[in-house]
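Architecture and fold: a report
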Amino acid sequence: MTQRATRLLHLLDELRRRRKPVRGAQLGVSLRTLYRDIDALRGQGADIAGDPGVGYQLRAGFLLPQMMFSAEELEAIVLGTRWVASHADPELAAAANAALERVTGVLPEVLRLQVETSALFAPKWHTVAPEPWLPALRRAIRAGNTVRIQYRDAAGQSSERVIWPFAMAFLSEVRLLAAWCEMRGDFRHFRADRVVSLEDTGTRYPEQRHSLLKRWSRERLQRQIG
């Protein structure tokens, strides 16, 4: 990445992080350079409000223009999408491949070549097939819906539960679900391969997903400290 492209990326990051208009003195560059860079970003599609002497602010909804990724960021995108494509359920794997194609399609030729010839791979290593209900679970997590599951524990005992799913971890050999269990009245973790069946009830659970995630994280930290 050229020095100018790096500078534009840093400017874009600064504008994205700040809630109020930014002035040149806050960015550590000359006003002449700032005005030229603002014009360059606007020319690439950035919706930047403001004028000299007033400050500049990036409006919400801006999509990254060409060349707005460093070499390390591109490698992270490639490796991450390849990992998802090889470890997630078919629906999410297809979405990962489509996302990588979309990113690659807007890159200039030199960066597109870096992606297409990337030597970073994430092959499957003794992984088990993803559970068929994973897409339904991911949608329930996004919507904040309760789900009804038939679950078989490590001892082979079966139970039916209504849970509030809020997070899922994709490990190399197994997928773990974090949820509030109505039957236990507490947070519980479920191995995906022990879930016999899963049904999205279509009913929102009464707490916000981000609130559950915060409480869960806080309780885990307290247990580690204790």
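See the structure above.
Presented here is an overview of the structure given in this document.

Reading the values: rules and limits
- Residues numbered from 1 in each chain as written.
- Predicted model: local features only at pLDDT ≥ 70, side-chain atom pairs only at ≥ 80, totals over all residues.
- Heavy atoms only, no water.
- Salt bridge = Lys/Arg side-chain N within 4 Å of Asp/Glu carboxyl O.
- Helix = DSSP H or I, 4+ residues; strand = E, 2+ residues; numbered from the N terminus.
- Expected span 1.5 Å × (residues − 1).
- Buried < 20%, exposed > 50% of the residue type's maximum accessible area, 1.4 Å probe, protein only.
- Contact = heavy atoms within 4.5 Å.
- Pairing = 2+ DSSP bridges.
- Axes fitted to C-alpha atoms, helices over the stretch in contact; angles between N-to-C directions.

Here's the deal with the pattern of salt bridges
Counting across every chain of the model gives 12 salt bridges. Between R138 and D89 there is a salt bridge, with the nearest N and O atoms lying 3.0 Å from each other. With R138 in helix 6 (residues 134-143) and D89 in the loop between helix 3 (71-87) and helix 4 (90-105), this pair connects stretches of sequence that are 49 residues apart. Here R215 and E207 are joined by a salt bridge, their closest N and O atoms 3.1 Å apart. Shared partners join several salt bridges into a network, and the residues in it are D89, E91, R138 and R139.

Thoughts on helix 3
Two residues of an α-helix separated by three or four positions point the same way, owing to the 3.6 residues in each turn. For helix 3, spanning 17 residues, the distance from its first C-alpha to its last is 24 Å, which sits close to the expected 24 Å at 1.5 Å a residue. Within helix 3, burial applies to L74, V78, T81, S86 and H87. Here the buried face of helix 3 lies against helix 4, helix 5 (109-116), strand 4 (158-170) and strand 5 (175-181).

Section: the sheet that holds strand 7 (residues 195-204)
One open sheet accounts for 5 strands, arranged 6-5-4-3-7; its pairing is antiparallel. Either end of the sheet is taken by a strand with one partner, and the two such strands are strand 6 (186-191) and strand 7. The average angle at which neighbouring strand axes cross in this sheet is 40°, direction not considered. Strand direction decides the pairing type here: strand 4 and strand 5, joined by 7 bridges, are antiparallel. Residue pairing for strand 5: A169 is matched across the bridge by L176.

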